[in-house]
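Spelled out, the chains give:
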Amino acid sequence: MGPYLLRRLVIAIPSLLGISVVLFAVLALAPGDPFGELATNPAIPPEVRMALRVKFGLDDPVPLRYLHWLSAMLHGDWGFSFASRINVDTLILQRLPATLFVIGSAQLLALVVALPVGVYAATRPYSVFDQIANTLAFVGFSLPTFFTGLLLILVFSIQLDWLPFVYRADIDATGWHWYWEQFRQSIMPITVLGLFQGASLTRYVRSAVLDVIRLDYVTTARAKGLGERTVVIKHVVRNAMIPVVTLVALQLPAVFGGAIVTEQIFRIPGIGALLISAILSNDTPVVMAVTFVFACLVVLFNLLADVMYGWLDPRISFG
Amino acid sequence: MDEQALRGLIAKVKGGKLSRRDFVNRMIALGLTAPLAVQMLSYSGVARAQMKADYKPTKRGGGGPLKVLWWQGATLLNPHFAIGTKDQDGSRIFYEPLASWDPDGYMFPVLAAEIPDLENGGLSKDGKSVTWKLKPGVQWHDGKPFTADDVVFNWQYASDPATAATTIGSYKDIKVEKVDDLTVRVLFANPTPFWADAFVGVRGMMVPKHLFADYSGAKSRDAPANLKPVGTGPYKFVDFKPGDVVRGEINTSYHVENRPYFDSVEMKGGGDAVSAARAVLQTGEYDYAWNLQVEDEILLRLEKGGKGTTYMSVTGNIEHIGLNSTDPWTEVDGERSSMKTKHPLLTDKAVRRALGLLVDRQAVQDHIYGRTGIATANFVNNPQRFVSKNMKWEFNIDKANQILEEAGWKKGPDGIRAKDGKPLKFVYQTSINTPRQKNQAIVKQACQKAGIDMELKSVTASVFFSSDVANPDTYPHFYCDIEMYTTTMAQPDPAQFLNQFVSWEVATKENKWQGRNITRWVNEEADKAYKAADTELDPIKRAALYIKVNDLACGDQAVIPVVYRPRVSAIGSKLRAQVSGWDSDFGNLKDWYKDA
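As the structure is a computational prediction, the values presented were derived from the model and not from experiment.

About the cut-offs
Counting from 1, residues in each chain are numbered in the order their sequence is written. Whichever chain is written first becomes A and whichever ligand is written first becomes 1, with later ones labelled in order. Local features are withheld for residues below a pLDDT of 70 in this predicted model, meaning they are given only at 70 or higher, and side-chain atom pairs are given and counted only at 80 or more; totals for whole chains, interfaces and linings count all residues. Water and hydrogen atoms play no part in the side-chain values, which are based on all heavy atoms of the structure. Numbered from the N terminus, helices here are DSSP runs of H or I no shorter than four residues, and strands are runs of E no shorter than two. Between N or O atoms, a polar contact is any pair within 3.5 Å; within protein, one atom must be a potential hydrogen donor and the other a potential acceptor, and residues adjacent in sequence are included only when both atoms are from side chains. Working rule for contacts: check all heavy atoms of both residues, and any pair within 4.5 Å makes them a contact. Strand pairing follows a simple DSSP-based rule, namely that at least 2 bridges must link the two strands. Burial status follows relative accessibility: with a 1.4 Å probe on protein chains alone, a residue under 20% of its type maximum counts as buried, one over 50% as exposed, and anything between as partly exposed. As used here, the term nonpolar core means buried Ala, Val, Leu, Ile, Met, Phe, Trp, Tyr and Cys residues forming a set that is joined through side-chain atoms within 4.5 Å. Buried area is a sum: the accessible area each of two parts loses on coming together, probed at 1.4 Å, counted once for each and added. Any Lys or Arg side-chain nitrogen found within 4 Å of a carboxyl oxygen on Asp or Glu counts as a salt bridge. Side-chain classes follow a simple rule in which Ala, Val, Leu, Ile, Met, Phe, Trp, Tyr, Cys and Pro form the nonpolar group, Asp, Glu, Lys and Arg form the charged group, and the remainder, Gly included, forms the polar group. Fitted lines through C-alpha atoms serve as axes, helices being fitted only where they are in contact, and the angles separating the N-to-C directions of these axes extend from 0 to 180 degrees. Throughout, the term roughly parallel applies to angles under 35 degrees, roughly antiparallel to angles over 145, roughly perpendicular to angles from 65 to 115, and oblique to all others. Each crossing gets its handedness from the near helix: less than a right angle anticlockwise from the far helix is left-handed, clockwise is right-handed. Ring geometry is summarised as follows: Phe, Tyr and Trp rings, the Trp one being its six-membered ring, pair when their centres sit within 6.5 Å, and such pairs are stacked at plane angles under 30 degrees, edge-to-face over 60 and tilted between the two. Comment: the charge-over-ring label is applied if NZ (Lys) or CZ (Arg) is within 6 Å of the ring centre and within 35 degrees of the ring normal.

Undergrad: Where do I start with the side chain of Asp87(B) in this structure?
TA: Residue and element names in this part refer to chain B. Structurally, the position occupied by Asp-87 is in helix H4 (residues 85–92). From its side chain, Asp-87 meets the backbone nitrogen of Thr-75 in a polar contact 2.9 Å long. Looking at Asp-87, its side chain comes within polar contact range of the main-chain nitrogen of Ile-83, at 3.0 Å. If sequence neighbours within four positions are ignored, Asp-87 has contacts with Ala-74, Thr-75, Leu-76 and Ala-82.

The structure is reproduced here in structure tokens:
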């Protein structure tokens, strides 16, 4: 186990370096200019833009800028945003709680819906319940979040006037009132994201369980006279979970990466919203940092998924 | 009426023999606009009617929270670093300038005790200095007094190139000296008729010396107060998350009595313009939304929600079509659209005139912009005292055909006119933006009927409006025949706005396309008028000079103005807010209140 982990971690270094080179190159080659808005304002002399470009090192050759960025990153210095001139790590930390809460809850909701529904549907394939669950799941992952998000806003905010559609990170209330407000404003974004994730996850769980439930050892377990509950939970689900774990593990970085569309619709000040506004204003250090952290998380959670397999299926060894 | 008679009349008003209203009416009868007549009086030392202080609350505070929505959140709160209006607006909650602009483009004092003029000795006769008297008893949020030292410091801070302040343009060519603790003098090298640039409006916000003095120049990014503003404004700083939210609480020692009304202010950022309008007009979740670049049709529908109304602030921003005076298809010394070339078709005055007749501005207003874009013949549309009365626009395909026919442009078998083997074919570019593409289509259709072939081209906004020297598709490169975009007018004075018609501002490879004259239209008379206006102290003569530049440029179709665009905001039905298009939306935040 130890050597395996070490080997995987060592392999991760060149891939992360490669990712960072590609990201940096794409950003450097992309059109646009962080100070473009200054250019169209007649009141700001061009020298200001020149001075800022020099000050922020934008006129250096791209390879040199990359090396600067890399060495700073290795020293733990993530640079500062061109737009707000604030350190990037501060910006990310400010945005992290909202994203963790909303996307994390959505993932939980997805799991809570998908696992029981998927397993139950698979144990009774082609029953009425299965048909309904399948149809709903199909509808759920066919509808993009920007559509369901707007639909919910139209119904619950505008027609019924029950829920606010602007998410506020700091609500000016205390005690129960705070929890109530927080609940009211989170319910729509969490539902939109959670049901979207849950729908596809349900299909996964169902097919994974179906694959396993027909195997001989399940029949054997039943023949031994074990209760249906025990058979499903102890023998079927545990084995069926391997592909599902992969899927969930790959989704988890998104909990940190945010959901760009949903955050934009509900004005959730999360990482996704930070990323999109940074991209739109060509704020290279922020885009670099967010995407790079995201890449690191993907690599890390992949590793985690692999380690989880060993726990779920003792036949897999890490020799 | 000659100058002497005019001066006589003004003397009568001063002496009380003629009422202000009579004077203004007489001037209007002479064809002058009312604001111009008012300005004549104010220049001559007759006090102008004070802005109506329509402020009802009789005590400070008690108004609850004010919730406003900016679909782009403020990213920084140092007014000297502000990149867009969102940053200026965020800063303006806490910081104030010496004076600000009202919706008609007139000044009112904020941190100044009074507006300098000739009468109170604030303005010197030679136009080379302005003396500002500061309002006594003003305190920074931390209790320190606001004095002349702070004003002088703001000049030093902003004019230091190492600070890289975006306000440097207003401060680099002036000198500021302290006269006493509550008086400063601004000195100009040359007579300067528009003296109200430094210390006024969005670029005039004052930061405190005692918090920024150690962070001038190269260390400017490190100042803790960049993130925790301490100003003189109606609200004190509470919290700031870049791009998301700015929060302030009531400043109980604010320097204007009974103000502010609200106990706290929250400026929420992010999202998109349509849903921001929705949150004010339809659900009433928010009290105010900024800069709603939304089709008027949608705004009208949302307004039926009854929770609020849209508000159009007058500005001079102009959507216009520029005609290239140089040849974009020939490369000379590594640049196209070089000043060494002439456009093969657009140098023909008949072609320019025909194009001017083929832009159906009324259709553009009616079918695209509605209340958010008004058809116009002028490049300068506001303030009224600078607006030309001489320009007329007309949409007339027959007349365009006739002009082209007379000038020898004959229709070929394909319906496209040509002369000397050169067909009338143009490439017409703009940024990708639905209203602009609709506008292009309207022009193309009319041109087709006149035998002109228009190839439409649209460029991503982030490329079109960038200053990328290497990218040929930016608007300053102008590597095509015709292009359309909006020029914003940042001040109620056309000096900076009209510099796109002077020869020394031509955008070339040499100045990395930083010049502001994009169409490369050069006219000796316009140059002369512009230069003369730079030092002309008589406001009437000066306005006439700028009107001349406008008329020369529009008359020769250097640009074809299409619509001028007011700034649109949404205001909740209970909120009483005065917004001036010449200043930040928060320029008059201290007077905002809600009806009970």
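What follows picks up the thread again.
Undergrad: Which parts of the structure should I look at to understand the sheet that holds strand E8 (residues 245–250) of chain B?
TA: Sheet strands associate in pairs through backbone hydrogen bonding, adopting either a parallel or an antiparallel arrangement. Residue and element names in this part refer to chain B. Read across the sheet, 7 strands follow the order E7-E8-E9-E1-E10-E21-E11 without closing on themselves; strand pairing throughout is mixed. Looking at strand neighbours, the two that pair on one side only are strand E7 (235–241) and strand E11 (308–313), the edges of this open sheet. Pairing between E8 and strand E9 (residues 264–269): 5 bridges, direction antiparallel. Paired with Arg-247 across the two strands is Glu-266, which belongs to E9.

Undergrad: Please explain the sheet that holds strand E12 (residues 318–323) of chain B as it appears in this structure.
TA: All names here are of chain B. Taken in spatial order, the 6 strands make up an open sheet running E13-E20-E12-E19-E17-E18, and their pairing is mixed. Here the strands that pair on one side only, and so sit at the sheet edges, are strand E13 (374–375) and strand E18 (453–459). Two elements, strand E17 (residues 425–431) and strand E19 (residues 482–487), share 3 bridges in a ladder whose sense is parallel. Each residue of the ladder has a partner; that of Thr-430, found in E19, is Met-484.

Undergrad: Help me out: how do you make sense of the environment of Ala277(B) in this one?
TA: All names here are of chain B. When you line up the elements, Ala-277 lands in helix H8 (residues 273–281). The exposure class of Ala-277 is buried, given its relative accessible area of 0%. Sequence-wise, Ala-277 and Val-130 are 147 residues apart; in three dimensions their C-alpha atoms are separated by 42 Å. Every residue in contact with Ala-277, bar those within four places of it in the chain, is listed here: Gln-282, Leu-292, Leu-299 and Leu-302.

Undergrad: For this particular structure, what's the right way to read the nonpolar core?
TA: The nonpolar side chains of a soluble globular protein tend to be buried, and buried together. With 75 residues, the main nonpolar core has Ile93(B), Tyr288(B), Leu292(B) and Trp592(B) as its most contacted residues. With 8 residues, the single largest contributor to this core is helix H5 (residues 88–123) of chain A. Here Ile93(B) is in contact with Gly233(B), Pro234(B), Tyr235(B), Val246(B), Val265(B), Met267(B), Phe586(B) and Leu589(B), once residues within four sequence places are set aside. Counting residues in each nonpolar core, the second largest holds 58 residues, with Ala148(B), Phe199(B), Tyr530(B) and Val559(B) among its members.

Undergrad: I tried to follow the interface of chain A and chain B on my own but got confused; where do I start?
TA: One frequently used descriptor of interface size is the decrease in accessible area upon assembly of the parts. Residue-level contacts link 44 residues of chain A with 60 residues of chain B. Between chain A and chain B, the buried area comes to about 4300 Å², and carbon and sulfur atoms account for 54% of it. It is Pro42(A), Arg85(A) and Arg267(A) in chain A that bury the most area against chain B; as a group they hold 17% of the surface buried on that side. The interface formed by chain A and chain B includes 1 salt bridge. Linking Glu266(B) and Arg168(A) is a salt bridge whose minimum nitrogen-to-oxygen distance equals 2.8 Å. Counting the contacts that link chain A with chain B gives 14 residue pairs in polar contact (both at pLDDT 80 or more). Secondary structure elements with two or more residues in the side of chain A that touches chain B: helix H2 (36–39), helix H3 (46–55), H5 and helix H7 (145–159) of chain A. The leading source of residues in the side of chain A that touches chain B is H3(A), at 7 residues. When the residues that make up the side of chain A that touches chain B are grouped by side-chain class, the tally is 24 nonpolar, 9 polar and 11 charged.

Undergrad: Honestly, the environment of Gly105(B) in this entry has me stumped. Any pointers?
TA: Residues and elements named next belong to chain B. Mapped onto the elements, Gly-105 comes out in the loop between strand E2 (99–101) and strand E3 (107–109). For the pair formed by Gly-105 and Lys-133, sequence separation is 28 residues and the distance between their alpha carbons is 21 Å. Apart from residues no more than four positions distant in its own chain, Gly-105 is found in contact with Arg-385, Pro-492 and Trp-582.

Undergrad: Before we go on, may I ask you to explain the packing of helix H15 (residues 524–535) of chain B against helix H16 (residues 539–555) of chain B in this structure?
TA: When two helices pack together, you describe them by how their axes are tilted relative to each other and by the distance separating the axes. Residues and elements named next belong to chain B. It is at 9 Å that the axes of H15 and H16 come closest, and there the two elements cross at 155 degrees. In terms of axis orientation, H15 runs roughly antiparallel to H16. Seen along the crossing, H15 lies across H16 with a hand that is left-handed. Within the contact between the two elements, H15 uses Glu-525, Ala-526, Ala-529, Tyr-530, Ala-532, Ala-533 and Asp-534 and H16 uses Arg-542, Leu-545, Tyr-546, Lys-548, Val-549 and Leu-552. By residue class, the composition of the contact of H15 with H16 is 9 nonpolar, no polar and 4 charged.

Undergrad: Looking at this structure, I do not really get the packing of aromatic side chains. What am I missing?
TA: To describe a pair of aromatic rings, you give the distance between the ring centres and the angle between the ring planes. Under the definition given, this model contains 40 aromatic pairs over all chains. Consider the rings of Trp70(B) and Tyr288(B), whose centres lie 5.8 Å apart with planes at 35 degrees: the pair is tilted. Separated by 218 residues along the polypeptide, Trp70(B) in strand E1 (residues 65–70) and Tyr288(B) in strand E10 (residues 288–289) bring together distant segments of the chain. Taken as a pair, Trp70(B) and Tyr288(B) share a single burial class, namely buried. Arranged with centres 5.0 Å apart and planes meeting at 80 degrees, the rings of Phe464(B) and Phe465(B) form a pair that is edge-to-face. By way of ring pairs, the aromatic residues Trp70(B), Trp71(B), Tyr288(B), Trp290(B), Phe586(B) and Trp592(B) are connected into one cluster. Sitting over the face of the ring of Phe81(B), Arg85(A) holds its NZ or CZ atom 4.1 Å from the ring centroid. Positioned over the ring face of Tyr55(B) is Arg259(B), at 3.9 Å from the centre of the ring.

Undergrad: I tried to follow the pairing of E8(B) on my own but got confused; where do I start?
TA: Each regular strand shows side chains that alternate between the opposite faces of the sheet. All names here are of chain B. Bridge analysis of E7 against E8 gives 6 bridges, and the strand direction is antiparallel. Bridged to Lys-241 within E8 is Val-245. Hairpin geometry of E7 and E8 is characterised by an intervening segment of 3 residues between the two adjacent antiparallel strands and by a positive phi of about 80 degrees at Gly-243.

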